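If you want the building blocks of each chain, they are given just below.
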Amino acid sequence: AQFQEDILGMIDMGKRERRTVAYNENQLYMQQMAQQGATQPKKKKQKKEIKLPRTMRLPRLEEWQMFDRTALNAIQEVEEQAFRALPNDVQLLACGMKVEKSAEEAKPSDEEQKSEDGPKDGEDTKAEDGKAASEEKKDDNKEDEIDLEETLSKLITDEQKAEKARLLAEGFSDWSRLHYSAFLKASAKYGRTNYVKIANEVGKPVSAIQTYSEAFFDEDFGKKRFSEHEYDRIVKIIEKGEKRIDDTKGLQRGTRVLISLFENPWVELQFTHYNMKDINKDKKFTPQEDRFLLCWAHKYGYGQWEAIKFAIRRSNHFRFDYFFKSLTVEAIGRRCEQLMRAAEKEVEAMEKLAIEEAEKEGRTLTPGEIKLPMFKESQAKKRAEQQTKFLEERATLEQNVVDIDEQIMQIQKALRDLEGNQTIDTFFKAKASTEIPEKLVGELANIIARMRSQSMVAITDEFLSKFPGKGSKKSIGQKIEAIGVKEKRTEEGDTAPYWYLRQEKDHLLTKATKAHVKDSREARLAAAAEKSKKRKADEDAGGGNANGAIGPEGDFVEFPEYDGEEEPHENKKAFTLFCKATRRDVKNSLSPSSRKKKDRVNGMLKDRWYALTDDEKQVWKGWEVWDAKRYEYQSGIYEGRKEKKSKSSNSPSKADGPAIPKKSIPKKARKDSLGDGLSIPKKRKS
């Protein structure tokens, strides 16, 4: 082992020593002098300046503690100058240092020498004399301490002492940097006046937080204690946080107010004043999804996007909506914020309209006095305004027509006076006589009784075809309304309203017309009886249900005719029945180009449905029940007919006898022979 160590020691080259390169001239000079063996020149010790005693010094003054450092440092400077003016021994004693005595002071006196040499010579000294000497020394030290305190107390005046105490009491010496940082973050997060939440973050009492906050934001106090750049930077951060808080409160208020205007916002919520196209550019979200997101944002609060994500996953309405369920928390937050901003703008627009209406009435509304109407009330008011506007426009158009007729008559008269041309008179003959003559009222009454029509236009055309130029269509229509009435007479077998002559006008009818009316009534009643008989047979075939049911108005409404050949139409919901009955009116209110837009038509139908009152919706729900009974009745007829057909097709007829199986007939053999086995010989090739 020793041999191996020797061998390895010979092989080991050792660690390479690196030479340090000094670029400093003084250091290089010192290294050279040290190599030459010269000693470095000793620096003279500077005499350390004596400072004020620790008890008289100022504490560490930080910027966030808001001391008036300029005034305190000025008083401290005066006190230090007065302290340096004191003798060196007093300064040392005040700082608690030892006083170096001179040679003369260090040499003991003769009495002290004698006292020290006395015991050596054998003289007796009493213990009482030693005690007296020690007590005298203590008294001298006390006197020196009293003199020192008096000297130090006179360094500054009493006024300066009071000013120093006042300035020290102004600051917040118990506030550390951690407290200050927590105060700034909490003020930006909760607002400068939310002392309770700030106190929870900082860890100090609410009263201490309020005192510090009032001093910090006071421009005459806090702003002067900080540097100008630092104070402005901190205030801007806090104001930015407070602006964010105000924006959040505005979003929450707009959402809360908008949702309160709907009885069932989960179904009825919609925007009527704000254009949703601004936030529906990508068309990823449906109206139902937006309604639920906005309601959830109001329920859980702004920023609770994670809770909304869990609510989406738990909801049965979006069980198969995989796009909606797979949204991230960030995407949900962005969409909720967009909807809340839209709700805020919607409420602002509605409040602006309310203020404008109040100003028109001569009233002045403050923001706190504004009360927005419920959605149903506003929609009903809007429909009433549209109806009033429509009637006004209609009256205006009718008046324009009358004015045009008068102008035509004036032009006709002027042309006839000017030229005397009879052709012009004949041209305007139809326009000249706008009123129906009284002698033709009886003819009109007979036409009404004979036609029994549902259309006033058909009666008017029939009258004008017999008596051309004897009145305008408008005057004829007015006369028809005066002497006739459109009603449904079930006792005469009517299934729909028809035009009938009023009873007080029966004297205008001729005998032939009265006979015709009587015959037609009897024919209708006979047809109704036959129809009732047929219906009864159908009822027997379909299960015995009545051919009708009680409608929403309480009267019996018959089902439409049904032969059972085709499968009946399924029953419809109340909304579908409403759309089916209202779609024509909606299309008539639009321009020809807009009628082809299904989205717009369906949107208007939806708006009209939501604008209905509860009583109006109840009527359509009654029709929904009636339609369900109609489907049940027709389904019974259809199943009965279907069962009869299946029975008739499965049972064989007796006249046909037993079934005989078919036999296959062999194909007819080709006849190339002439009988008796003789065949025609083929022609040989030459």
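The structure this text deals with has already been given above.
Below is a summary of the structure that appears in this document. Keep in mind the model is a prediction, meaning the values are calculated, not measured.

Brief notes about the packing of helix H9 (residues 177-190) against helix H10 (residues 195-202)
Helix-helix packing: each pair is described by the crossing angle between the helix axes and the interaxial distance. Axis separation between H9 and H10 bottoms out at 9 Å; the angle between their running directions is 145 degrees. Between H9 and H10 lies a crossing whose hand is right-handed. Contact residues: H9 offers His179, Ala182, Phe183, Ala186, Ser187 and Tyr190, while H10 offers Lys197, Ile198, Glu201 and Val202. By residue class, the composition of the contact of H9 with H10 is six nonpolar, two polar and two charged.

Some words on a positive patch on the surface
Taken together, the side chains of Arg583, Arg584, Lys587, Arg595 and Lys598 make up a positively charged region of the molecular surface. When residues of the positive patch are assigned to their parent elements, the largest contribution, three residues, is made by helix H26 (residues 574-588). Relative to the helices and strands, Arg583 is located in helix H26. Residue classification places Arg583 among the partly exposed positions, given a relative accessible area of 31%.

Focus: the nonpolar core
Leu258, Phe271, Leu293, Leu294, Ile308 and Leu372 are the most contacted members of the largest nonpolar core, which totals 48 residues. The set of elements that each furnish at least two residues to this core consists of helix H13 (228-260), helix H15 (287-300), helix H16 (305-314), helix H18 (329-360), H26 and helix H27 (598-611). Here this core takes 10 residues from H18, the largest share from any one element. Not counting chain neighbours up to four residues away, the residues in contact with Leu293 comprise Phe285, Ile308, Ile312, Phe324, Ile332, Arg335, Cys336 and Leu339.

Observations concerning the packing of aromatic side chains
With the rule as written, the count across this model stands at 29 aromatic pairs. Seen from their ring centres, Trp64 and Tyr180 are 6.0 Å apart, and the 20 degrees between their planes marks the pair as stacked. Separated by 116 residues along the polypeptide, Trp64 in the loop between helix H2 (25-36) and helix H3 (69-84) and Tyr180 in helix H9 bring together distant segments of the chain. Tyr180 carries the same exposure label as Trp64, and that label is buried.

What counts, and where the lines are drawn
Residues numbered from 1 in each chain as written. Predicted model: local features only at pLDDT ≥ 70, side-chain atom pairs only at ≥ 80, totals over all residues. Heavy atoms only, no water. Axes fitted to C-alpha atoms, helices over the stretch in contact; angles between N-to-C directions. Helix = DSSP H or I, 4+ residues; strand = E, 2+ residues; numbered from the N terminus. Left-handed = near helix turned anticlockwise from the far one by under 90°. Contact = heavy atoms within 4.5 Å. Nonpolar A, V, L, I, M, F, W, Y, C, P; charged D, E, K, R; others polar. Patch = residues over 30% accessible without salt bridge, like charges linked within 9 Å, V, L, I, M, F, W, Y side chains within 5 Å. Areas by Shrake-Rupley, 256 points an atom, 1.4 Å probe, with all protein chains shown as cover. Salt bridge = Lys/Arg side-chain N within 4 Å of Asp/Glu carboxyl O. Lys, Arg positive; Asp, Glu negative; His and termini not counted. Charge placed at Lys NZ, Arg CZ, Asp CG, Glu CD. Buried < 20%, exposed > 50% of the residue type's maximum accessible area, 1.4 Å probe, protein only. Core = buried A, V, L, I, M, F, W, Y, C linked by side-chain atoms within 4.5 Å. Phe/Tyr/Trp six-rings, centres within 6.5 Å; stacked < 30°, edge-to-face > 60°.

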